[in-house]
Amino acid sequence: AQNSIKEWEQKITKQTNNNQLLQKAKSLINSRQASSYIKAMQIIEKIGTGETGYQEARKLREQWSRQVYLIANSRASRGQFQLAIKTALLVPEDTPSYQNAQKAIARWKQGKK
């Protein structure tokens, strides 16, 4: 019984910590600032596979990566190609937006929107 109680306490502590990480990450987001999304993603990466909050963290990471890509597109549409490239380079490799970001970088290096 003591071992079970100890396991439950550890699980509750981990769950609480993960929820706090998610809230902290969400609070950092500034919708016009790509670096805020990157900082938030770095925080939620601490939530391990299979832990409480992992699925939400994964979903948020994909959404935030897309936002970084959209910010880069917005900058390119204003002719800020170097800034757009720097921003698109922040899109993590293991997210759905990565390939689009890489294709966009190649276009922007040629000065195309």
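This structure is a prediction, so every number in the text was calculated from the model and none was measured.

Criteria and cut-off values
- Residues numbered from 1 in each chain as written.
- Predicted model: local features only at pLDDT ≥ 70, side-chain atom pairs only at ≥ 80, totals over all residues.
- Heavy atoms only, no water.
- Helix = DSSP H or I, 4+ residues; strand = E, 2+ residues; numbered from the N terminus.
- Rg over C-alpha atoms; globule rule 2.2 N^0.38 Å.
- Buried < 20%, exposed > 50% of the residue type's maximum accessible area, 1.4 Å probe, protein only.
- Contact = heavy atoms within 4.5 Å.
- Areas by Shrake-Rupley, 256 points an atom, 1.4 Å probe, with all protein chains shown as cover.
- Lys, Arg positive; Asp, Glu negative; His and termini not counted.
- Charge placed at Lys NZ, Arg CZ, Asp CG, Glu CD.
- Polar contact = N/O pair within 3.5 Å; in protein donor to acceptor, adjacent residues only side chain to side chain.
- Salt bridge = Lys/Arg side-chain N within 4 Å of Asp/Glu carboxyl O.

K.L.:
I'd like a rundown of the overall build of the protein chain, residues and numbers included.
P.N.:
The helix and strand tally for the protein chain stands at five helices and zero strands. For the protein chain, the α and β elements follow one another from N to C terminus as α-α-α-α-α. Against the 2.2 N^0.38 benchmark of 13 Å for 113 residues, the protein chain shows a C-alpha radius of gyration of 18 Å, more extended than a compact globule. Taken across its 113 residues, the protein chain has 35% of its residues classed as buried. Intrachain contacts of the protein chain at a sequence separation of at least 6 include 55% that bridge at least 24 residues. Accessible surface for the protein chain amounts to roughly 7,400 Å². Of this, 47% is attributable to carbon and sulfur atoms. For the protein chain, the distance from the average position of its 20 positive side-chain charges to the average position of its 8 negative side-chain charges is 15 Å.

K.L.:
Residues and numbers for the side chain of Arg61, please.
P.N.:
Here Arg61 is to be found in helix α3 (residues 54-77). The class of Arg61 is buried, set by a relative accessible area of 10%. Within the structure, Arg61 has its side chain in polar contact with the side chain of Asp94 (distance 2.6 Å).

K.L.:
Report on the pattern of salt bridges, specifying residues and quantitative values.
P.N.:
Scanning the entire structure with this criterion turns up five salt bridges. The salt bridge involving Lys14 is made with Glu51; its shortest N-O contact spans 3.8 Å. Of this pair, Lys14 sits in helix α1 (residues 2-28) while Glu51 is found in the loop between α2 (34-44) and α3, placing the two residues 37 residues apart along the sequence. Residue classification places Lys14 among the partly exposed residues on the basis of a relative accessible area of 37%. Residues Arg61 and Asp94 are paired through a salt bridge, measuring 2.6 Å at the closest nitrogen-oxygen approach. Here Arg61 is found in helix α3, whereas its partner Asp94 is found in the loop between α4 (81-88) and α5 (98-109), with 33 residues between them in sequence. Owing to a relative accessible area of 43%, Asp94 belongs among the partly exposed residues under this scheme. Sharing partners across several salt bridges, the network here consists of Glu45, Arg58, Arg61 and Asp94.

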